[in-house]
Each structure stands twice: as structure tokens, then as C-alpha cells.
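As a plain string of letters, each chain reads:
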Amino acid sequence: MEQTQTNNTLPATVVAAREQFELACKEAQGLQIINNFGAAFQAVNVVSLLRQALTDEVMDAVFIPLMNTKIGFLTDRNGRPNSRGEVKPPYSKEIVRDAVIDAVAIGLLPTGNQFNIIAERMYPTKEGYTSLLRKLGVKYFIEVSYDKSQTQGFAEIPCKITYQYNGEKNGFSIIATVKKDSYSSPDQLRGKAERRAKKALYEYLTGCDFGDADEDSSRIVDAVAEEIHDEANKGGVISAEQPAQEAPAPKAGRAATKAAVEPKKANIPGF
């Protein structure tokens, strides 16, 4: 009944577009990007369906109202003055449409803050990478430490990642470098570091790098491999006993990929 009442409040053209949008979302959720040489053909079908569904009418009725809401997706343009008193207008429906297409095409939803629009581009959030890793069926544990940096403007937070995927148990660590200011709380910084860690894990497993909105080529996220040992005498605590080795310098915005670092086999308790 509630579903019918909702549909009755929308024009018939928008309701029809909703069915097409849902079909595109289902197609995208089933899109396997790993070892799928035919993925391009399925992906172009998803994009085509989305472009047909996301008319100007649909954007104005559905997606523009979701912009800059926690139930939808956030952007760096909310129409309010920034710290310098500058006011930038919200993004146009054309930019939002492209961002929604980019997000849905990789398996993200336009609700639940799974992506942001920053500098006109779509970026998965921490919640977005959680969803993407769940879609892959990855089991993982991330241990996020605290800021070790003495540099003003940037926090350097060590993160240890252990995971199980397709029967493989591995682990590696990263130093998550994130921007900070005088208003940044430890929890906020650790939340950003957790996103970087999830991003690193997703990149390693898929080879897909969707970038970072605040990345700086001189302050990249460096990843190092460490062997993870199960120390039975420490109550199942996972520790990394080998010293971190220098990893080959990855390109800007790249956290951990097979080209940059190959984690060693791990005996991970609890998986």
C-alpha cells in the first residue's frame, strides 16, 4: 500500500523511469569486474539504461532533492558560505547525473551516503567501500591506530588489514595520510583512515582506483607488506613482527595494488 501511495505522488513518466533505473541497478550489482573480459559489454548496457532513465524531469524530481542530504549523497557545494565566505552554487543536474551514473555503474547506490561529489567528480565514501567489499564477499578486519605525524595539515595513521577472499588469507598494512585541521577530532581522522584502508583493500583485490578528493601527489598513501602472525600466547592477537619494507612508489592516489605490493600469506584467526 505504501509503495502504491508513493508512486501515485510521482508523474507516470517518473514512475516508468524508476523501473528502468532499478533494472540498471540490478544489472550493475551483478557486474563482475574481476576476470570478466566481457564486462565492458555489460557495463555499457548499464550506462545506457541509466542515461535513458535519468531524464531532466527525473533529476529534478528525485536526485537533486537527495543532494547534500545524509540520506542521499553529500557534495562540496551546498550553496552556503565556506570558511572564506565564498558561496558556490550547488552542482547542476548534468554534473549530478554523471556522478550518479558513475556511482551506480560500479555498484553504489544514491542513498546512504555511499558516494560524494567533490570537484565535480564522484568518489566512494567509507560506506561506499564497505558496500563494494560486501558485494565481493570479502571478510576483513581493519585495525586503525592513531595519528603518528608531527606535520601540520596532515595526519599519518597506521592501519593493519587482514582479509579472506576466495579462500586466500592475507594481510598488509598502510600508512593512511589524510588532511587535518584544528577542528579535526581523532575519531574523524581515524574514520578517514578507515576509508583509506578499505579503499586500499578494494584496489588490491580489483585493481580499480577511483581516486581521492583530497589526494596530493606529494602526500600519497604508502603501502607496505608485512607478514601477519597468529601469536597463540597473546590471546589470538594479530601482530606484525617483520619490519616494514619500502614499497615501490605508487602513482598519486594509489594505496595498495598488486603492482605496488604483494602481501604475504597470513594465518588469521577468526576467519
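Everything that follows concerns the structure shown earlier in this document.
Residues numbered from 1 in each chain as written. Predicted model: local features only at pLDDT ≥ 70, side-chain atom pairs only at ≥ 80, totals over all residues. Heavy atoms only, no water.

Asker: In this structure, what is going on with the pairing of strand 5 (residues 154-165)? I would like to understand it.
Answerer: Residues in a regular strand project their side chains so that they alternate between the two faces of the sheet. As judged from the six bridges shared by strand 4 (residues 139-144) and strand 5, these two strands associate in the antiparallel manner. Looking at the pairing, isoleucine 142 lines up with isoleucine 161 of strand 5. Relative to strand 6 (residues 168-179), strand 5 runs antiparallel, the two being bridged by 12 bridges. Note that in strand 6 the partner of threonine 162 across the bridge is glycine 171. Taken together, strand 5 and the strand that follows it, strand 6, pair antiparallel across an intervening segment of two residues, in which asparagine 166 is found at a positive phi of about 55°. (Pairing = 2+ DSSP bridges. Helix = DSSP H or I, 4+ residues; strand = E, 2+ residues; numbered from the N terminus.)

Asker: Quick question: what am I supposed to make of unusual backbone geometry here?
Answerer: Keep in mind that most residues, glycine aside, have a negative phi and that most peptide bonds are trans. Look at asparagine 68: it is not a glycine, yet its phi comes out positive at around 65°. Within the secondary structure layout, asparagine 68 lies in the loop between helix 4 (56-66) and strand 1 (74-75). For asparagine 68, a relative accessible area of 26% puts it in the partly exposed group. The phi angle at glutamate 120 is positive, at roughly 75°, despite the residue not being glycine. If you trace the backbone, glutamate 120 turns up in the loop between strand 2 (115-118) and strand 3 (121-124). (Buried < 20%, exposed > 50% of the residue type's maximum accessible area, 1.4 Å probe, protein only.)

Asker: Any chance you could explain the pattern of salt bridges here in plain terms?
Answerer: Two side chains with opposite charge may pair up if their charged atoms get near one another. Counted under the stated rule, the structure contains 13 salt bridges. Between glutamate 22 and arginine 18 there is a salt bridge, and its shortest N-O distance comes to 3.1 Å. Taken as a pair, glutamate 22 and arginine 18 lie in helix 2 (residues 12-29) at a separation of four residues, close to a single helical turn. Residue glutamate 22 is classed as partly exposed on the basis of its relative accessible area, which comes to 37%. Glutamate 194 is paired through a salt bridge with lysine 126; the nearest N and O atoms lie 3.8 Å apart. Placement of the pair is glutamate 194 in helix 7 (residues 186-206) and lysine 126 in helix 6 (residues 126-136), with a sequence separation of 68 residues. Overall, the relative accessible area of 24% leaves glutamate 194 in the partly exposed class. Ionic contacts of the salt-bridge type, sharing partners, join the residues Arg195, Arg196, Lys199, Glu203, Asp209 and Asp212 into one network. (Salt bridge = Lys/Arg side-chain N within 4 Å of Asp/Glu carboxyl O.)

Asker: I'm lost on the packing of helix 6 against helix 7 in this one. Help?
Answerer: Contact pair helix 6 / helix 7: the axes reach a minimum separation of 9 Å and the direction vectors enclose 35°. For the element pair helix 6 and helix 7, the recorded crossing hand is left-handed. In contact with Lys126, Tyr129, Thr130, Leu132, Leu133 and Leu136 of helix 6, helix 7 contributes Gly191, Glu194, Arg195, Lys198, Lys199, Leu201, Tyr202 and Thr206. Residues belonging to the contact of helix 6 with helix 7 are distributed by class as follows: six nonpolar, three polar and five charged. (Axes fitted to C-alpha atoms, helices over the stretch in contact; angles between N-to-C directions. Left-handed = near helix turned anticlockwise from the far one by under 90°. Contact = heavy atoms within 4.5 Å. Nonpolar A, V, L, I, M, F, W, Y, C, P; charged D, E, K, R; others polar.)

Asker: Would you mind going over the side chain of asparagine 113 with me for this structure?
Answerer: Summarising the element assignment, asparagine 113 is placed in the loop between helix 5 (93-105) and strand 2. The class of asparagine 113 is buried, set by a relative accessible area of 17%. Those residues in contact with asparagine 113 that sit more than four places away from it in its chain are Lys70, Gly72, Leu74, Thr125 and Glu127.

Asker: I tried to follow the side chain of aspartate 212 on my own but got confused; where do I start?
Answerer: Structurally, aspartate 212 is set in the loop between helix 7 and strand 7 (222-224). The buried category is assigned to aspartate 212, whose relative accessible area is 5%. A distance of 2.4 Å separates the side chain of aspartate 212 from the side chain of arginine 195, its partner in a polar contact. Engagement of the side chain of aspartate 212 in a polar contact is seen with the side chain of arginine 196, the distance being 3.4 Å. (Polar contact = N/O pair within 3.5 Å; in protein donor to acceptor, adjacent residues only side chain to side chain.)

Asker: Help me out: how do you make sense of the packing of aromatic side chains in this one?
Answerer: Both the distance between ring centres and the angle between the ring planes are used here to describe each pair of aromatic rings. Applying the stated criterion across every chain yields a total of six aromatic pairs. Through pairs of rings, three or more aromatic residues link up here, namely Tyr129, Tyr202 and Phe210. Taking the ring centre of tyrosine 146 as reference, the NZ or CZ of arginine 190 above it sits at 4.4 Å. (Phe/Tyr/Trp six-rings, centres within 6.5 Å; stacked < 30°, edge-to-face > 60°. Lys NZ or Arg CZ within 6 Å of the ring centre and 35° of its normal.)

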